Amino acid sequence: MDGRAWQHPYVNIFKHVSVGEWKRSGKQGDVSTCMSKTLRCPVFHIKAPIPASSYIVIPKNINHSLGLTGRYFYLLFRPHPGKYFVVHLDVCSKEGRVVRISFSNMFKEFKSSPTWLQYPFQCGAEGDSASVSASKSGRRGLPDPAPFSVRWMCLMMDLQYTLSVYLSLCHSHLKGVKLCANMAVKNVFTSDLLHDPGLSFNEAKMMGLASSNGRGAMPRDMAFPVPKGCSWHDLYDYIRFAADRSKSLDSVHKGECKAECGSSQSPSQGSKALIQGVSSSKLLQRYKTPSVTNLPELGVISTEQKDNWYGPEDSQPQQDAARSSSSTLLSRPPSDIDDGGAHESEHYENSSAKYEVESDEELVCTSVPPPVHLPLSKEDKQKKLLPDPILRLRRIIGFGGATAKCALWTKSGDAVVYPCHAIVVSLKISSNQQRFFTGHTDKVSALAFDGNTTLLASAQTGNHCAVRVWNYTVGNCLAMFGIHAHSVTSLSFSHSGGTLCGVGKDSNRKTMVVVWNTQNVSRDGDVSVLAKVHTDVDVSTMKVACFDDTRMVSCGRNNIRLWRVRNGLLRSCSVDLGEYHSLDFTDVAFEEGDTSKHCDDRTLFASSRSGYILEIDYNKAVISNARRLTPAQQQQEEEEEDCSEKSIDKKGPAIAINSICVSSSFCCTGSEDGFLRLWPLDFSAVFLEAEHEGPVSLVSVSSDGLLVLGATSTGNLGFLDVRTRRYNTLMRSHTDTVRSFSVDGIRRHLTTASSDGTVRIWNMDSLHQLYDFESEEGPASVAFHPSEQIFTCGFNSGTVRVFDVATAKLLAEHEIHTGDVVGLAFSPDGEFMYSADSQGSLAFYNASEESHSLIRVVRNVVARGSERAPDALALSTDSSRLAFVGPTEYIVTIADSRTLDELLHVDVSILDAASPRLDSALKVCFAPAFTEYLLVATSANKIVWLSTKTGHLLREVSKVHSHHCLSLAVSDDSRFLLTAGHKTVKVWDYHMQPGIAAQMFIGHSQPIRQVAFTPDQLGVVSVGDAIFLWDFLAHPVESSVGCRSPAGRGSRSARQPEGPSQSGQGVVSLSNGMPRKSAPVPSSPPPDVHRLDSVDQGGSLLDPRPASSFLKVTELDSTSPLTASHIEPVELGRRKQTRPDCYRHFIPRFKTSTRDQVAVAPQPGTEGLKLRTVIGYNGNGRGNMVWSPDQGLFAYSCGCIIVVEYLQTGSQRHLQGHSEEISCLAITSDAQTVVSAAGGRHGSRSRICIWDLQNGKCRGTITYHKGAVQSLAFSRDGRLFLSVGDYSDPQVALWSCETFQLLSSVAVSGWVHDVAFSPSAAGQLAAVGSSGVHFCVIHAQGSDVALKAERAKAPAEVGDVEMTAVCYHSDSLLFSASSRGHVCAWHVNTRRCFMTWEADTGEIGVLLCRGNRLLTGSNTRWLRLWEMGAVRGVPPGDDACRASESEAKVVMDKAIMLDGATVSAAFDDTADMGIVGTVAGTLWCINWLDDSSIRLVSGHMTRVNDVAFSSDERHFATCSEDGSVRVWLVPSIELVVQFQVLNQGCSCVCWSPFSGEESACVAAGYSDGTLRIFRLASSDMEMKLQPHHVTISAIHYSAYGHVILSAGKDGVVAVSSLADGTITRVIEDHRGAAVTAIHCVNEQPFAAEGNEMWLAASADRRVSVWAADWLDDKCGLLDWLTFPAPACPEDDSLPPSLAVFSHADPSLIIYTGFGVEKEIYFYSLVKKQIIKKIALPHWASCLSLSSSSELIAVGSQERVLKIIKSTNGQFQNFLQHSDSLQMCHFSPSGKLLLSVAFNEIMLWEVRGL
């Protein structure tokens, strides 16, 4: 005992061996000392790419020993983020054996030998657990580096227990320690005491812990610092690598080692407590009831309840499971899954139902008991919080959690079942309706269906794993049982449902397979174990054979095994894999067929990460065939080789396959490259594929073989329709914790910010993801503007950005913060914006300006730290006050929101003088209806009510949650309080009336980050692990007094709306959500705060009053009881300018350029250029194509030009009169007149031009609409035409075609999408839009013309939709299309919809009627033709038909899928032939008679980056941002071939110098740094090079074609050989500035070596000139030019530097770029000086020289194409482009010129000047 006395109570090992002097300890590699800001002390950093290369070893001499006998080893360390680390402990046993104990996050699994124990270490992120476990690994079976938010941790290892359990040895002493990279280490020590790092010495003393009983607090020199008011466990992790402290091993004393080692406790029993997660905080006063503290001066009576009414939220998982699985705490039986999840009422007592009954020998499961409702007292029944439940889970946005490999089809194929963290979701694919299966307490890791999809099995991960069996149809849980496993990775039901197989890890991390008998589970919930076995082989997937309930097959790393249950034993045999024994197999699938088919005839398919698919003879357990799938199989047939001849080292890339599924006709694979592929059963070639955004982790084919489900590891879930070849996305989700959200109540959009680095915007009704913003800075907080379609986002870097959602435009960016943005908020009136960061700064912006300019920033006013994110700021509803916690965590500050002047400080730490701890503030929130009161959540789990005028305490509620309150919100009517703590949501009576308890709701598997009411008060949103959308079921209070309305934007005070109409007209809320059953009614203002002392004892503190604003809509009673269409007068007031979320509505493409107003076009007949051909069609327009079948011509718009093309000759005429993008066209029935419309710039009105097609002249122009023109339409006789303004000016104007005078106009409510004249009655017309259908009639009295409109709302059968297209069938019938794919048939006379049908699944934008045929075109790319022969027979007076009846009247005749959404269409009178335009910039000729489609006009949809002529001028090539290279035939402008590269942009293109028919090649550079060479003759890619790792900015063949020169954005020039593709030379002289031009010539007039010259120009205005002889590998610098320039402007992008050799004199270089003046310079290489300058009015954006004349073509940002004669400076301007020019290029002969502006390509004939 004396020899060990010096080691008590602990030994500081670093101090003991004097680490740092390195005499008794050693170091190797990068070991350094630095000061830790977190621990406030020096720490050692060990860094290395390979952990073994850097380390600290103690002692230095490996032959020496530390001799430390302490039982417990403690390590205080933090792994380096994104790195791996290793720790080795050498421990001596009393038997004389030295055992090395190692743990690392590099280890894949637990391994043991007589001298070595290896433990895998799983690093948890901030807020997660860190443990020695692989169950939460992001990638199964692979090591994970430490996450970037990993925390400092204290690891304790029980050395005595470890040796005893695993090796049956007795611990003697610690011999040595080796700490390997990568980690930061504070210290290591040993002790015989069990130290709790979360306890201080005073707390340990109060709890009675002392060294005499083996326990104590952490030594002071080993403790981590904890700030006041914080918890140790909120800042650090504690990992107990030891036995359970309740076991008898804790009491073993010296001399009892032999008895201890001979203990009967087996490893399987004892090791369950070997690995513990992060310890919980101390259990002090945890089981007390939440109560309301008595405040006698206010007369509030506290609530009396029983103690221990239920266990705490952070108690054992078994208790959590009992509460969620049993029905005792549920307000309704668990079979009612529509209630939206588990709901607990806090006035119920806890149930005694047990979670599971465990036995050491066998597993015994118990069925779920029926609901039991405990009696309540009479008083409690009367004061129950109603309704009960008050929340109902409606939707969940999320997929996966523990795994992305679980998703199942139902047998009918109408629903998909998948996990979302701890909830199992059933999604009906036709309606997006969700059902929920709740009860799991941790993330669901496996799912399985039986053959009839009546039984559903689910398993959860974690140390307390459980399996549940559900009745899928009813939704109730039939049985629940545990399996003594830490995780379950696979479940599989037999086809009959009588057998369930599960695979998991036991407590020793060994693979365990269990088979259960589930035959009686549906009848009595009985489940028994058929067999169980432990195995050392890796099992990733296991499936029960569909033909035999007792047979299974599994696969994993290096094995495929066949299993069978017989006589209660589970046995297996391995498939002879031969040379494929080392593959990592990922999935297995049986051949599809009759379930009665004998197993001898069955074929088993297995997939692997190496791309191999093995076909296995199930009977012989051998491989019958092996194939390796490569990407090349998509174009050519794969060789099939016998397995004996096939080599596993087959060269070439392979497809890493994650999942496989086999149907009767094809095989489906999901691979790591993101493709879901469908193969024939012989795997000859891919016949269908779908590309995803991430690796495909799961594929599953529906029972009918028509739908293929696919899931990705990035959280996406969707299915491929094999028949239509259309992919449908079912669910997208964040891949990490959702940190913040905000709701746009007007548009029902939800924006979320996540730790995965993305900000996403969702549609709350459809759950579709609308936008996705990605940032590496880490979004921390988001906030929507209260009225505009604008949101702001704050990042971890401190940056605050403001986005316009409609245009996806960045409006403002501020970088004033230095820490994480912890709070963002707009004032309710929308005038100001506020932001706060973790360093204490508060900023104040002007939100009424688009730039959101900064008004004021105040430092050190907000409490430091990120724990109050994301809602650290709170604003009162009258926008007058701002509240936040600061400047310290104990102070709450209320400031003037318009000046940030401090109005009040409240110290919350002194509110409870009796508390032993200082209370700090966590969250603040104003009561919306009463701004005089502020709610504050504190660290003591209290919520206090403070007066915003005096700071007095008005009320407090204690024990709100067992954890800290993470978020709180108050309903608008101040009747309900919403709080979130850890994983639960609670709803409280805001006034805390005695006897009314809160309702609690569970479902989240991780701590909730934020919770709030939706703006319409009809729902609740909570975020954390996923996005939960709840229905809020409480009804508003009814009253008979007037209503307060919140102030609108720009208002300083609330407005008083008009009361309800006395004529019975309804009231509709501003929200787009479902209306309440009863509307809120006005109320009087609340009492002043100074009168609170007079409140009666026991009464309510405040009298809630609803506060909402209402929009009054006048509706006419419908005469038909079956229709929901209502006609109402059209409102004349203009609505707010909000861009519609509808593709049919025209939105001009965003441009930053403006036309030069001074530039003048040349006089007719004197032009030096003649526009020959316009290439492309503007797919951004709407209705911008017209066709006259009789005249044989069609007209369409491209930019600001109207192209009139004749089908017979293919010639073009161009109508030029607009300067902006043309939005729409219309043509008269005789094809004599065309009218066009284009928007204005900078507030100018739109321009409408009327054209005479006979002579191509403009007959007149009209400027009327303030915004863009949405639609145009001619009357049947051509005497009148209509124009409709866009969303900013929804005016319908009627014009005379003879005088061009405005006859009448009407302003409709909402925006209008389409208009149409009646085909025969000139006085009738119709318009459709967001408000429904507008029936208009023209009334003429003499010279006065009046246009009157009546509105009919969309039928209720189609839901809340917008009408997007309209057409007439006859005078009495009208058809309209909706944004959800419905077509409605209307009686014109009665204004009634009598028939509807679903014509498409997406928005219909084009609707045409020809006779009894109807044509629909939508954004789903489908063009459909419908036969409507029965419509004429419907009498006008008939009532509305049902959906089933309407289907019998209309039949789809034909359909065709195009390359994009339909935006325009024109057909002949029989609808047999027509022309259709799409958003892809394509015009198609459709012939229904022979079901053919011919591409008439084709163009690029995205920006064109480069153009180039071939040397023989027969072709030219274009390249675009969409990754396409297109080759065109010059004479006919036909598209010859298109080369497409997915997911890359093509930045530049050039032709080989010799362009014969066989030798012509096109080279293209891409954004990923690759260079591809395509041969025109074979239409194949000849070579692919990777000369750069950044975007290639310029390429050029050498003059003789021996090499190709390429330059990147980084300024590096690479020379690549065309013979073998090698890079022969790298030139870095321009590094740091992007090379913008390369030019080569085949002359070299100087004495330098070489036979050609080339130059490179870079963005820093430098030009290098080189002489080269590439065959002799010679390249030398001739000259280096630097052009002077002033300081670069900060707010403007610089023009490119452009340089070329003169064709006439190669020693002359022509250069232009940013400089002192806007000029073109002529530099002589001979004279070494500039010999000529030509002044320019604008900076040049492109430059080209003619080889046959002295012409120079120059383009500018001002949309001007200028040709200049270099000898005298003569020039001409050409203004045909509608955007800035980015490229111009003369042909080699100089006779042709190509010019490009965005995607507009124009071909010119050069005439000369």
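Going along each chain's sequence as written, the residues are numbered from 1 onward. pLDDT decides what is reported in this predicted model: residues at 70 or higher carry local features, side-chain atom pairs at 80 or more are listed and counted, and totals for whole chains, interfaces and linings draw on all residues regardless. In computing side-chain values, all of the structure's heavy atoms are included and hydrogens and water are not.

Quick look at the pairing of strand E4 (residues 41–47) now. Among the seven residues of E4, five are classified as buried, and the element is accordingly described as predominantly covered. Each pair of strands is called paired provided DSSP finds at least two bridges between the two strands. Numbering of helices and strands runs from the N terminus; a helix is a DSSP stretch of H or I covering at least four residues, while a strand is a stretch of E covering at least two. In this sheet, E4 lies alongside strand E3 (residues 30–36) in antiparallel orientation, the contact comprising seven bridges. Bridge pairing in E4 places Thr 33 opposite Phe 44. Counting the residues between successive antiparallel strands, the hairpin from E3 to E4 contains four residues, one of them, Arg 40, with a positive phi of roughly 60°. The sheet contact formed by E4 and strand E13 (residues 183–191) spans three bridges and is antiparallel. For Ile 46, the partnering residue across the bridge sits in E13 and is Met 183. Throughout this description, buried means an accessible area under 20% of the type-specific maximum (1.4 Å probe, protein chains only), exposed means over 50%, and partly exposed covers the range between.

A word on the environment of Ser 1579. Residue placement: Ser 1579 occurs in the loop between strand E116 (1571–1575) and strand E117 (1580–1585). We classify Ser 1579 as partly exposed; its relative accessible area is 37%. When the C-alpha atoms of Ser 1579 and Val 1536 are compared, they prove to be 9.5 Å apart, with 43 residues separating the residues in sequence. The criterion used for residue contact is that any of the two residues' heavy atoms lie within 4.5 Å. Excluding its chain neighbours within four sequence positions, the residues that come into contact with Ser 1579 are Val 1537 and Phe 1539.

Below, the discussion takes up unusual backbone geometry. Cis geometry marks the peptide bond from Ile 58 to Pro 59; its omega dihedral reads -5°. Looking at the element boundaries, Pro 59 is found in the loop between strand E5 (55–58) and strand E6 (72–79). The linkage connecting Leu 386 with the following residue, Pro 387, adopts the cis geometry, with an omega of -5°. For Pro 387, the position within the fold is in the loop between helix H8 (378–382) and strand E22 (391–397).

Moving on to the pattern of salt bridges. Take a side-chain nitrogen of Lys or Arg and a carboxyl oxygen of Asp or Glu: if they are within 4 Å of each other, that pair is a salt bridge. Overall, the coordinates contain 42 salt bridges when judged by the stated rule. When the shortest N-O distance is used, the salt bridge between Arg 748 and Asp 1016 registers 3.2 Å. Here the residue Arg 748 occupies a position in the loop between strand E51 (738–744) and strand E52 (749–754), and Asp 1016 occupies one in the loop between strand E75 (1010–1013) and strand E76 (1019–1023), the gap between them amounting to 268 residues. Take Arg 748: its relative accessible area is 7%, and that puts it in the buried class. Here Glu 850 makes a salt bridge to Lys 809, at a shortest N to O gap of 3.5 Å. A residue pair is termed long-range when its members are at least 10 positions apart, and Glu 850 in the loop between strand E61 (842–846) and strand E62 (854–858) and Lys 809 in strand E58 (residues 809–814) qualify at 41 residues. Glu 850 sits in the exposed class, given a relative accessible area of 52%. Owing to a relative accessible area of 25%, Lys 809 belongs among the partly exposed residues under this scheme. Residues participating in the shared-partner salt-bridge network are Arg 1413, Glu 1427, Asp 1453 and Asp 1472.

This paragraph deals with the pairing of strand E71 (residues 965–970). Where burial is concerned, most of E71 is hidden: five out of the six residues are buried. For E71 and strand E72 (residues 976–981), the ladder comprises five bridges, and the chain directions are antiparallel. Each bridged residue has a counterpart across the sheet, and for Ser 967 the counterpart in E72 is Ala 980.

Turning next to the confidence of the model for the protein chain. Interpreting fine coordinate detail is not advised for predicted regions of low pLDDT. This prediction gives the protein chain a mean pLDDT of 80; 81% of its residues lie at or above 70. Scored below 50 in pLDDT, residues 243–382 makes 297 contacts in the model with residues more than four places away or belonging to other chains. Residue-level confidence of the predictor is summarised by pLDDT, bounded by 0 at the bottom and 100 at the top. Contacts for the low-pLDDT stretch residues 1436–1448, under 50 throughout, to residues beyond four places or in other chains number 18 contacts.

Further remarks concern the sheet that holds E116. Spatially, E114-E115-E116-E117 is the arrangement adopted by the four strands of the open sheet, whose pairing is antiparallel. The sheet terminates laterally at strand E114 (1546–1551) and E117, the two strands that pair on one side only. When strand polarity is set aside, the average angle formed by the axes of neighbouring strands in this sheet is 20°. Strand direction decides the pairing type here: E114 and strand E115 (residues 1561–1566), joined by five bridges, are antiparallel. Residue pairing across strands places Val 1549 opposite Ala 1564, the latter belonging to E115. Lines are fitted to the C-alpha atoms to define the axes, a helix being fitted only along its stretch in contact, and any angle between axes, read from their N-to-C directions, falls within 0 to 180 degrees.

Our next topic: the sheet that holds strand E49 (residues 717–721). What the four strands build is an open sheet, ordered E47-E48-E49-E50; its pairing is antiparallel. Both outer strands of the open sheet, strand E47 (696–701) and strand E50 (726–731), are each paired with one neighbouring strand and no more. Sheet twist, expressed as the mean angle between neighbouring strand axes with direction ignored, is 20°. Two elements, E49 and E50, share five bridges in a ladder whose sense is antiparallel. The residue of E50 that forms the bridge with Leu 717 is Met 731.

Only rings of Phe, Tyr and Trp enter the pairing, Trp through its six-membered ring, and a pair is recorded when the two centres are within 6.5 Å. The plane angle decides the type: under 30 degrees is stacked, over 60 is edge-to-face, the rest tilted. The final tally for this structure, using the stated rule, is 57 aromatic pairs. Note on Trp 22 and Phe 44: the rings are 6.0 Å apart at their centroids and 70° apart in plane angle, and the pair reads as edge-to-face. In this pair, Trp 22 is assigned in the loop between helix H1 (13–16) and strand E2 (26–28) and Phe 44 in strand E4, connecting sequence segments 22 residues apart. Look at Phe 44 and you get buried, because its relative accessible area is 12%. Taking 5.2 Å as the distance between ring centres and 55° as the angle between the ring planes, the aromatic pair formed by Phe 110 and Tyr 166 counts as tilted.

Turning our attention to helix H2 (residues 159–167). By the criterion of burial, H2 is predominantly enclosed, with nine of the nine residues buried. The complete set of buried residues in H2 reads Leu 159, Gln 160, Tyr 161, Thr 162, Leu 163, Ser 164, Val 165, Tyr 166 and Leu 167. One side-chain oxygen of the residue at the start of H2 lies 3.3 Å from the amide nitrogen of Gln 160, identifying that residue as Asp 158. Just downstream of H2 lies Ser 168, where phi reads positive at about 55°. Under the rule applied, a polar contact is a pair of N or O atoms within 3.5 Å (in protein, one hydrogen donor and one hydrogen acceptor; residues adjacent in sequence only if both atoms are side-chain atoms).

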